[in-house]
Every structure is written in C-alpha cells, then in structure tokens.
Amino acid sequence: MQRIRNYVDRFIKEKGENKNYSIKTGDIIAFMNEIRESKIELFYTISLLFRFGYAKGYRACKAEQKKARKAA
C-alpha cells in the first residue's frame, strides 16, 4: 500500500491536481456503502474503483489535449 501512496504522492507533486477530475465525496460514500453492504464481492469493488480511476484519468487527459489544441 505504501508503494501506491508514494506513486500517487510523486505524481501529484510533479503534475499537480485538477479537482475537476478527482473522485467526489458522493462517489467515495457509494463505494464505502457497497463494500459495507457486501452487495458484490470485495475484489470486484476494488477492481471497479481502479477502473473508475482509469476512466476519470482518461477523460482528464482528453480534456487537457482539447485545451492544448485550442491554445495552439
């Protein structure tokens, strides 16, 4: 887990953080409730959280590319 924290900390320190593409409190609560209520398997929930992060990151990248094209 520490390796993951270090990776994220280095990334944020290097690139900064855009709050528009970060996970929202409501999303965190939904994932916590899903884990607590055990509607689906824990492994699947964790996997889904990572896939959610990937999708958010992909959209953030596309938005940054779009801004760069408009600025050029």
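To be clear, the structure that these remarks concern was listed above.
Conventions we followed
Residues numbered from 1 in each chain as written. Predicted model: local features only at pLDDT ≥ 70, side-chain atom pairs only at ≥ 80, totals over all residues. Heavy atoms only, no water. Helix = DSSP H or I, 4+ residues; strand = E, 2+ residues; numbered from the N terminus. Rg over C-alpha atoms; globule rule 2.2 N^0.38 Å. Buried < 20%, exposed > 50% of the residue type's maximum accessible area, 1.4 Å probe, protein only. Patch = residues over 30% accessible without salt bridge, like charges linked within 9 Å, V, L, I, M, F, W, Y side chains within 5 Å. Areas by Shrake-Rupley, 256 points an atom, 1.4 Å probe, with all protein chains shown as cover. Salt bridge = Lys/Arg side-chain N within 4 Å of Asp/Glu carboxyl O. Lys, Arg positive; Asp, Glu negative; His and termini not counted. Charge placed at Lys NZ, Arg CZ, Asp CG, Glu CD.

Moving on, we get to the overall build of the protein chain. Counting its secondary structure elements, the protein chain contains three helices and zero strands. Reading the protein chain from its N terminus to its C terminus gives the helix and strand order α-α-α. Here the C-alpha radius of gyration of the protein chain, 15 Å, is well above what a compact globule of 72 residues would show, namely 11 Å. The dimensions of the protein chain, computed from C-alpha atoms along their principal axes, are 50 × 25 × 20 Å. Within the protein chain, the fraction of its 72 residues that count as buried is 6%.

The next thing to look at is a positive patch on the surface. On the surface, a cluster of positive charge is contributed by Lys62, Lys66, Arg69 and Lys70. Among the secondary structure elements, lysine 70 is positioned in helix α3 (residues 42-71). With relative accessibility at 65%, the residue lysine 70 sits in the exposed group.

Another point: a nonpolar patch on the surface. On the surface, Met1, Ile4, Tyr7, Val8, Ile35, Leu42, Ile46 and Phe50 cluster together to form a nonpolar patch covering roughly 830 Å² of accessible area. The residue valine 8 is located in helix α1 (residues 2-15) in this model.

Here the focus is the pattern of salt bridges. Following the criterion strictly, the structure yields two salt bridges and no others. Among the ionic pairs, glutamate 64 bridges to lysine 67, the shortest N-O distance being 3.8 Å. Residue glutamate 64 and its partner lysine 67 are both found in helix α3; the two are separated by three residues, about one turn of the helix. For glutamate 64, a relative accessible area of 40% gives the class partly exposed.

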